Amino acid sequence: MAALGREAGADRRAAGVVPVGIGEASKDIKMPTYIYGQSSPSLGDAKLRKPMVIEIIEKKFEYLRKEKTLNIYGTVTFGTTAGFSGILANLIFRHCFKVKHDALKTYASLTTLPFLSTIVSCELLVRHALYSGNISRENCVLRSSLIGIVCGVLYPIALAFSKNGRLAVKYHTVPLPPKGRVLRYWLLLCQTEVKAMVIPLILQTALGIYHGLQHYAIFESTLEKTVHED
């Protein structure tokens, strides 16, 4: 039996198998040991990362705040020029129809309504659609220029024409048009002075193109900065 045991031991040593006794541990296996009071490495990394994350978030908020300010200033400027276009249209039609009444009322409405309609249209049709990812750069510029033409020129002309035309009929400041030629009569009455509205037409178109390009550039820079930081 002893001889058999020695032969089995020799076979195992020849095969590279060495028995490990109870209480012995393999030298290749290293157990992690922590000293009481020593902080965990993961907790230390978290403490270092926390101020970095806070700093990145603060920078993002500051960047977005600046871009929002630029968007607001551009839109308010666009709406203000539409308001001045309304003042010019009201001045032209009051002169054509020789209206002297309700000046404050007409000027207030012709300034406020084009201003608000331009801002609301830019917010809904340009900025909201742009940040939803539904429009391209060309579409953004086209929408902005159309807003400038419609809300900054055509709408003030129609509004000034209707308000001052009603006042002219009410106070009989101009002869009443013949039956069947009402619209043609009013157009012939003010066709010369209305040509001055070409100036705000060019201005609003140029501002609309610039406004659309600016909005898209801000949107692209925001998107690129967000992608790089993520």
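Just so it is clear, the model here is predicted, and its values are computed rather than measured. (Residues numbered from 1 in each chain as written. Predicted model: local features only at pLDDT ≥ 70, side-chain atom pairs only at ≥ 80, totals over all residues. Heavy atoms only, no water.)

1. Examining the nonpolar core
Here is a general trend for soluble globular proteins: nonpolar side chains tend to be buried in one another's company. Defined as follows: For the purposes of this section, nonpolar cores are sets of buried Ala, Val, Leu, Ile, Met, Phe, Trp, Tyr and Cys residues that join through side-chain atoms within 4.5 Å. Think of it in three bands: residues with accessible area under 20% of the maximum for their type are buried, residues over 50% are exposed, and the middle band is partly exposed, with areas taken using a 1.4 Å probe on protein chains only. The helix count covers DSSP runs of H or I at least four residues long, the strand count covers runs of E at least two residues long, and both are numbered beginning at the N terminus. Contact definition: two residues touch when any of their heavy atoms are within 4.5 Å.
Counting 17 residues, the largest nonpolar core has F93, F97 and A168 as its most contacted members. Of the residues forming this core, the biggest block, six residues, is contributed by helix α4 (residues 137-171). Not counting residues up to four positions away in its chain, the partners in contact with F93 are I157, A160, F161, N164, C190 and V194. If you look at the next biggest cluster of nonpolar residues, it comprises 11 residues, including F78, V126, A129 and L130.

2. Re the environment of Y185
Just so we agree on the cut-off: The definition of a polar contact used here is a pair of N or O atoms within 3.5 Å, where within protein one atom must be able to donate a hydrogen and the other to accept one, and adjacent residues in sequence count solely through side-chain atom pairs.
Relative to the helices and strands, Y185 resides in helix α5 (residues 182-194). Apart from the residues within four sequence positions on either side, Y185 is in contact with P175, L176, P177 and P178. Only 2.7 Å separates the side chain of Y185 from the backbone oxygen of P175, close enough to count as a polar contact.

3. What about helix α3 (residues 103-131)?
Definition in use: Multiplying one less than the number of residues by 1.5 Å gives the expected span of a helix. For a residue, the bend is simply the angle between two axes, fitted respectively to the seven-residue segment ending there and the seven-residue segment starting there.
Under the 1.5 Å per step criterion, the end-to-end length of α3 is 41 Å for 29 residues, consistent within 8% with the ideal 42 Å. Remark: the principal bend of α3, roughly 35°, maps to E123. Among the residues of α3, T106, S109, L110, P114, S117, T118, S121, C122, V126, A129 and L130 are the ones counted as buried. At the C-terminal side of α3, G133 shows a positive phi close to 80°.

4. Overview of the pattern of salt bridges
Cut-off, in case you're wondering: Throughout this description, the term salt bridge denotes a Lys or Arg side-chain nitrogen within 4 Å of a carboxyl oxygen of Asp or Glu.
Applying the stated criterion to the full structure yields one salt bridge. Note that E123 is salt-bridged to R127, the shortest N-O span being 3.4 Å. Note that E123 and R127 are positioned in helix α3 at a spacing of four residues, about one turn of the helix.

5. Observations concerning the UniProt feature "transmembrane region" (unreviewed entry) in the chain
As a reminder, the rule being used: UniProt positions are given in the numbering used here, feature names are shortened, and annotations may be inferred rather than shown by experiment.
With numbering aligned to this structure, UniProt lists the feature "transmembrane region" (unreviewed entry) at residues 70-93, 113-130 and 142-162. Its end C-alpha atoms 24 Å apart, residues 113-130 is made of 100% helix and 0% strand. Structurally, residues 142-162 comprises 100% helix and 0% strand, and the distance from its first C-alpha atom to its last is 28 Å.

6. Concerning the environment of Q191
Its place among the elements puts Q191 in helix α5. Owing to a relative accessible area of 45%, Q191 belongs among the partly exposed residues under this scheme. On a C-alpha basis, the gap between Q191 and C96 in space is 9.1 Å, while along the polypeptide they are 95 residues apart.

7. Considering α5
Here α5 spans 18 Å end to end across 13 residues, near enough to the 18 Å set by a 1.5 Å rise per residue. Residue L188 marks the point of greatest curvature in α5, where the axis turns by about 35°.

8. A word on the packing of aromatic side chains
Selection criterion: Two aromatic rings, drawn from Phe, Tyr or Trp (for Trp, its six-membered ring), form a pair once their centres lie within 6.5 Å of each other, and the interplanar angle then sorts them: stacked below 30 degrees, edge-to-face above 60, tilted otherwise.
Within this structure, the stated rule accounts for six aromatic pairs. Ring centres of Y185 and W186 lie 5.6 Å apart, and the angle between their planes is 70°; on these two criteria the pair is classed as edge-to-face. What makes W186 buried here is its relative accessible area of 8%. Centroid distance Y216 to F219: 6.0 Å. Interplanar angle 55°. Geometry classified as tilted. Separated by three residues within a single helix, Y216 and F219 lie in helix α6 (residues 198-229), roughly one turn from each other. The exposure class assigned to F219 is buried, which follows from its relative accessible area of 15%. An aromatic cluster is built from F93, F97, F161, Y185 and W186, whose rings are joined through pairwise contacts.

9. Points about the side chain of S109
Looking at the element boundaries, S109 is found in helix α3. Residues contacting S109, with those up to four places away along its chain left out, are P114, L159 and K163.

10. Overview of the side chain of T106
With respect to the secondary-structure elements, T106 resides in helix α3. Judged by its relative accessible area of 4%, T106 is buried. Only 3.3 Å separates the side chain of T106 from the side chain of R94, close enough to count as a polar contact. Filtering out sequence-adjacent residues up to four positions away, T106 remains in contact with N90, R94, N164 and L167.

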